[in-house]
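Here is how the chains run, residue by residue.
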There are 2 protein chains.
Amino acid sequence: MLRVWDLDFELSKDSHLSMHAQITSKVIKEIRRGRLKPKVAMPGTRKLADTLGVNRKTVLLAYTELVEQGWLTTERNRGTFVSEKLPDTIERQYSEEGLTPLNQQVNLNDDSATVAIQDGFVEFNDGDPDTRLLPFENIARAFRRALIVSGRSNKLGYQNPLGMLSLREAVLHMLSMHRGLNAGLENICMVRGSQMGIYLAASLLIKDDDCVVVETLARQSAENVFESFGANLMRVDIDQDGLNLDALEKLCKKQPVRAIYVTPHHQYPTTVMMSKARRARLLLLAEQYGFYIIEDDYAHEFQFSGEPAFPLATYGESDRILHIGSLSKILAPGLRLGYLVASEQLVSRCVDEIMMIDIQGNLITEMAVSELMATGELKRHVLKAAKVYEERRHAMDALLRDTLLDFVDFNLPEGGLAFWVTFKHQVKLEAFLTQATLHKLRITPSAIFSDANDHIVGIRLGFASLGMRELEQAVSRLRTTLNACVKS
Amino acid sequence: MLRVWDLDFELSKDSHLSMHAQITSKVIKEIRRGRLKPKVAMPGTRKLADTLGVNRKTVLLAYTELVEQGWLTTERNRGTFVSEKLPDTIERQYSEEGLTPLNQQVNLNDDSATVAIQDGFVEFNDGDPDTRLLPFENIARAFRRALIVSGRSNKLGYQNPLGMLSLREAVLHMLSMHRGLNAGLENICMVRGSQMGIYLAASLLIKDDDCVVVETLARQSAENVFESFGANLMRVDIDQDGLNLDALEKLCKKQPVRAIYVTPHHQYPTTVMMSKARRARLLLLAEQYGFYIIEDDYAHEFQFSGEPAFPLATYGESDRILHIGSLSKILAPGLRLGYLVASEQLVSRCVDEIMMIDIQGNLITEMAVSELMATGELKRHVLKAAKVYEERRHAMDALLRDTLLDFVDFNLPEGGLAFWVTFKHQVKLEAFLTQATLHKLRITPSAIFSDANDHIVGIRLGFASLGMRELEQAVSRLRTTLNACVKS
């Protein structure tokens, strides 16, 4: 057994955020240096966490990642060891980037050929789209035109920090047609994915010790942003109709609330839709108590059943609503395209913030996508993808019902690209991650929610990016994983 | 004359940054609403600045932009008026985005056909490349492959926040081959242009009231970032060998210095190179007084004469150096690709910051560019572009000598893509901007440096993006502009 004090572990304590990336990198470095030799036993996660003074979950996440990358292996009931056969550079690149070379033919009808399975693992993300469905050639042509038109005009330089005019117009048109949201060019700002929309919203609104309300369970990456701007997070619970507004009002009576971050369309992670009555009352409360509403309207496009609902930003004509959305779900997260719709005053302040952060977005991507929107190509893709996703949603529903009802509870989500499942048994996060890795099941870490005692509260299982055979494999491995957790 | 209190001008005072974008947008709105009618005289800039409680430069910048966009017109000795013929949407889009349609043939040998002249204006930016020189078809093919390879693998989603492994490896290789900089994968983080490198550096290092040293004249967008993180900026002067280190040391003896932001390779804006002796001493001072060095190494590739010099990050093996660079000058600013090279500890903290800001960069762009670097395509382009830029540098030198020596002083820059010119006469910023607009000369606002009395200190004139005939026109218009300023 390796003594942890043999490791060159100087973690940065300056950051108040999770340090699992630091641990991962340290271990890889020690293995490369030869100080951690193949077959050597790694310290237990609790031991290492205590020594480093970090949360045990941090160490667990690092170990899970190291096993997935091939640096460590886990042996049932024995512990975690440095791998006998270390990943060399090429394998590492392949595994880190997980790409299929262009000359390797991919048969889209046979999804066993795709990367989701080819490294042996099958993965549940938290609700990403399937980019294999994209109309590649049309998109590639749009990129080519964008490159040539802007490059030849010598205009592939600095442009409007709010984003290309034609893209902003195209997005406004989409919001107006599909979400009834009427806003002008002075109200919209393009951002690099909805994460940057959240970051900008926080930078515009939040100062030290401001109270920001989030739902009991919420997107960790949003909570991190608010806290980094000094917010005190307060949690309000959710039920089958969404946010508990009585609880919210009680809180507002006790203390000033600066802003509330909500995902009314499909609550993240639980997929619950906020009822119309609650939406109306939330807007009234915002006026009454003077707080801002940061509305994260991810995956709005994919609504499979239930009554269609408009965003809060459509119902309310208030300057207090910041509406955030992205093209990640209808196109691809890797293109980093999102938008923030807000009052003219807030949007004009975004200019200064963006000039400091990254000056502007990627012009080629903005031009190409605005063309895809203007020609209707994007809309055709969304309609086609929505049909595929609806089939997969039904398949996922059937698979969970047929094989997992002993272990999990869930509801069929009315929209969005993920199911929310809760466990019938108490399952420890550590045991679950260990078993999942053993059974070659990967789950995006941010999709797993656990409580203060490290028991899993629920998992958000994205279904859209998995083909039918991949879904079967993934659910079957989840069953084996849970079975092992419950038995042990 | 319009009374300014007739305007619906509620500027946001929350932001401590410039508000010219707000004013621009307000004026456009008032014109669209019909409250500011064609031919109406606008209030004088001093008057409006006083009423709004903003700096006069802010109003000047807004007016200049409004004239360029066609909303206002300036008449010699009479003032500024709402345009008789307002720009309609299509004209506005064309002008805002300044693009040549793909079906309009562009003859690269005849640069009079390009946009730099076609709207009647010719523009000096502060040192951007000429994207007309790019190997479009090869880049378009790389984008197409990136899109298909990543999309088909269903990997056009979320990846490593530090950037694609293959791109980080390609950039490290470039830094090692051309700048002698030996760093590992654990030391590099891809960012969206060097601006984001500066933003990350500030977020990692700067807290309220930290002292940050900048050169007397420095990049405004960097100063804004440091100040937004609470820094106290202290200025140290520069001479023909770069930063005055005696002055820096004197400052360090008086108070703790947290960081210094420098552009040693070609000082921004003055283009001066820091001598080797000073570089060595700056590194020693950093150790002695415990400050960080934020080295902005923009446009490193274009060194036309003088001794080649390595970055500070190459000379010093210190954890105190954050080296920032970008691919904006060798490719195109609109692709937003930059990098930060720093200690492993700082880079691992970047992960958390990036996860909050934008999660990761644009995957298609990262993949395509890493291919262009791996195949040597980018290097071939740089060699070709450098030859063109060297010719333009000579042409610019000759033009300035032949026609502008009555008005300006300058030195031929040893590297970089801009000249620094100072004026022999006192010229007021307002008069200069007015005359430049009248003579259809546009100058990137951030390239003009003025003092507390609104006198112009100097202008950074980018030469690389202008063809020979464009350069002639631009210099000739600058002469007419200066002539008018000095006479009036």
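Read on for an overview of the structure. (Residues numbered from 1 in each chain as written. Chains lettered and ligands numbered in written order. Predicted model: local features only at pLDDT ≥ 70, side-chain atom pairs only at ≥ 80, totals over all residues. Heavy atoms only, no water.)

## Thoughts on the packing of helix H8 (residues 193-205) of chain B against helix H9 (residues 220-228) of chain B
Residue and element names in this part refer to chain B. The test is simple: Between the N-to-C directions of two axes lies an angle of 0 to 180 degrees, each axis being a line fitted to C-alpha atoms and, for a helix, fitted only over the stretch in contact. Counting from the N terminus, the helices are the DSSP runs of H or I reaching at least four residues and the strands are the DSSP runs of E reaching at least two. Should an angle fall under 35 degrees it is called roughly parallel, over 145 degrees roughly antiparallel, and 65 to 115 degrees roughly perpendicular, with every other angle called oblique. In this scheme the handedness of a crossing depends on how the near helix is turned from the far one: anticlockwise by less than a right angle means left-handed, clockwise means right-handed. By the convention used here, residues are in contact when the closest approach between their heavy atoms is within 4.5 Å. Classification convention: Asp, Glu, Lys, Arg as charged; Ala, Val, Leu, Ile, Met, Phe, Trp, Tyr, Cys, Pro as nonpolar; all other residues, Gly among them, as polar.
As a packed pair, H8 and H9 sit with axes 9 Å apart at the nearest point and diverge in direction by 25 degrees. One finds that H8 runs roughly parallel with respect to H9. Crossing geometry of H8 relative to H9 is assigned as right-handed. Two secondary-structure elements touch here, H8 through Gln-195, Ile-198, Tyr-199 and Ala-202 and H9 through Ser-221, Ala-222, Val-225 and Phe-226. In terms of residue class, the contact of H8 with H9 is built from six nonpolar, two polar and no charged.

## A look at a negative patch on the surface
The criterion, for reference: Like charges are joined within 9 Å and nonpolar side chains (Val, Leu, Ile, Met, Phe, Trp, Tyr) within 5 Å, but only among residues with over 30% relative accessible area and no salt bridge; these make up the patches. For the area figures, the Shrake-Rupley method with a 1.4 Å probe applies, and any residue is considered shielded solely by the protein chains shown. A carboxyl oxygen of Asp or Glu within 4 Å of a side-chain nitrogen of Lys or Arg is what we treat as a salt bridge. Only four residue types enter the charge count: Lys and Arg as positive, Asp and Glu as negative, with His and the chain ends excluded. Charged groups are reduced to one reference atom each: NZ for lysine, CZ for arginine, CG for aspartic acid, CD for glutamic acid. Categorising residues by exposure relies on relative accessible area from a 1.4 Å probe, with only protein chains included: less than 20% of the type maximum marks a residue as buried, more than 50% marks it as exposed, and the intermediate range marks it as partly exposed.
A cluster of like negative charges, contributed by Asp208(A), Asp209(A), Asp208(B) and Asp209(B), occupies part of the molecular surface. Within the secondary structure, Asp209(B) sits in the loop between H8 and strand E5 (211-215). You can call Asp209(B) exposed: its relative accessible area is 58%.

## A closer look at the interface of chain B and chain A
Stated formally: For the purposes of these results, a polar contact is taken to be a pair of N or O atoms within 3.5 Å, where, inside protein, one atom must be able to donate a hydrogen and its partner to accept one; residues adjacent in sequence count only when each atom of the pair is a side-chain atom.
Residue-level contacts link 90 residues of chain B with 90 residues of chain A. Scanning the region where chain B abuts chain A turns up two salt bridges. The salt bridge partner of Glu137(B) is Arg144(A), with a shortest N-O separation of 2.8 Å. Across the contact surface, chain B and chain A share 31 residue pairs in polar contact (both at pLDDT 80 or more). Listed by contribution, the elements that provide at least two residues to the side of chain B that touches chain A are helix H1 (20-33), helix H4 (89-97), helix H6 (136-152), helix H7 (165-179), H8, H9, helix H13 (344-357) and helix H14 (363-374) of chain B. It is H6(B) that contributes the most residues to the side of chain B that touches chain A, 13 residues altogether. Here the residues of the side of chain B that touches chain A are counted per class, giving 35 nonpolar, 31 polar and 24 charged.

## A word on the environment of Ala398(B)
Checked against the element boundaries, Ala398(B) lands in helix H15 (residues 377-404). Taking the C-alpha atoms as reference points, Ala398(B) and Leu412(B), 14 residues apart in sequence, are found 9.9 Å from one another.

## A look at the packing of aromatic side chains
Residues and elements named next belong to chain B. Threshold: Stacked, edge-to-face and tilted labels apply to pairs of Phe, Tyr and Trp rings (six-membered ring for Trp) whose centres lie within 6.5 Å, assigned for plane angles under 30 degrees, over 60, and everything in between, in that order.
Taken as a whole and judged by the stated rule, the model has 21 aromatic pairs over all chains. A ring pair is formed by Phe-310 and Tyr-315, whose centres lie 6.4 Å apart and whose planes are at 65 degrees; its orientation type is edge-to-face. By relative accessible area, Tyr-315 is classed as partly exposed at 37%. On the numbers, 5.5 Å between centres and 80 degrees between planes, the contact of Phe-419 with Phe-463 is edge-to-face.

## With respect to the pairing of strand E1 (residues 72-75) of chain A
Residues and elements named next belong to chain A. Rules: For two strands to count as paired, DSSP must find a minimum of two bridges between them.
Bridging between E1 and strand E2 (residues 79-82) involves four bridges; their strand directions are antiparallel. Directly across from Thr-73, in E2, lies its bridge partner Phe-81. Between E1 and E2, which pair antiparallel one after the other, the connecting turn spans three residues, and Asn-77 there sits at a positive phi close to 60 degrees.

## What about the nonpolar core?
Note the cut-off: We define a nonpolar core as any set of buried Ala, Val, Leu, Ile, Met, Phe, Trp, Tyr and Cys residues linked to one another through side-chain atoms lying within 4.5 Å.
Core analysis: the biggest nonpolar cluster contains 206 residues, and Leu248(A), Phe432(A), Leu248(B) and Phe432(B) have the highest contact counts within it. In terms of residue count, the dominant contributor to this core is helix H15 (residues 377-404) of chain A (10 residues). With residues near it in sequence (within four places) discarded, Phe432(B) still touches Phe423(B), Val427(B), Ile443(B), Ile448(B), Ile456(B), Ile459(B), Leu478(B), Thr481(B), Leu482(B) and Cys485(B). One finds Val212(A), Ile294(A), Val347(A) and Ala201(B) within the second-largest nonpolar core, a separate group that totals 72 residues.

## As for unusual backbone geometry
The residue after Tyr268(A), namely Pro269(A), is reached through a cis peptide bond having omega 10 degrees. Tracing the sequence through the fold places Pro269(A) in the loop between strand E9 (259-262) and helix H11 (276-289). In this structure, Ile359(A) is a non-glycine residue whose phi angle is positive, near 70 degrees. For Ile359(A), a relative accessible area of 15% gives the class buried. The residue Asp454(B) is not glycine, and still its phi comes out positive at about 65 degrees. Inspection of the secondary structure assignment puts Asp454(B) in the loop between strand E16 (448-450) and strand E17 (456-462). Judged by relative accessible area, which is 16%, Asp454(B) ranks as buried.

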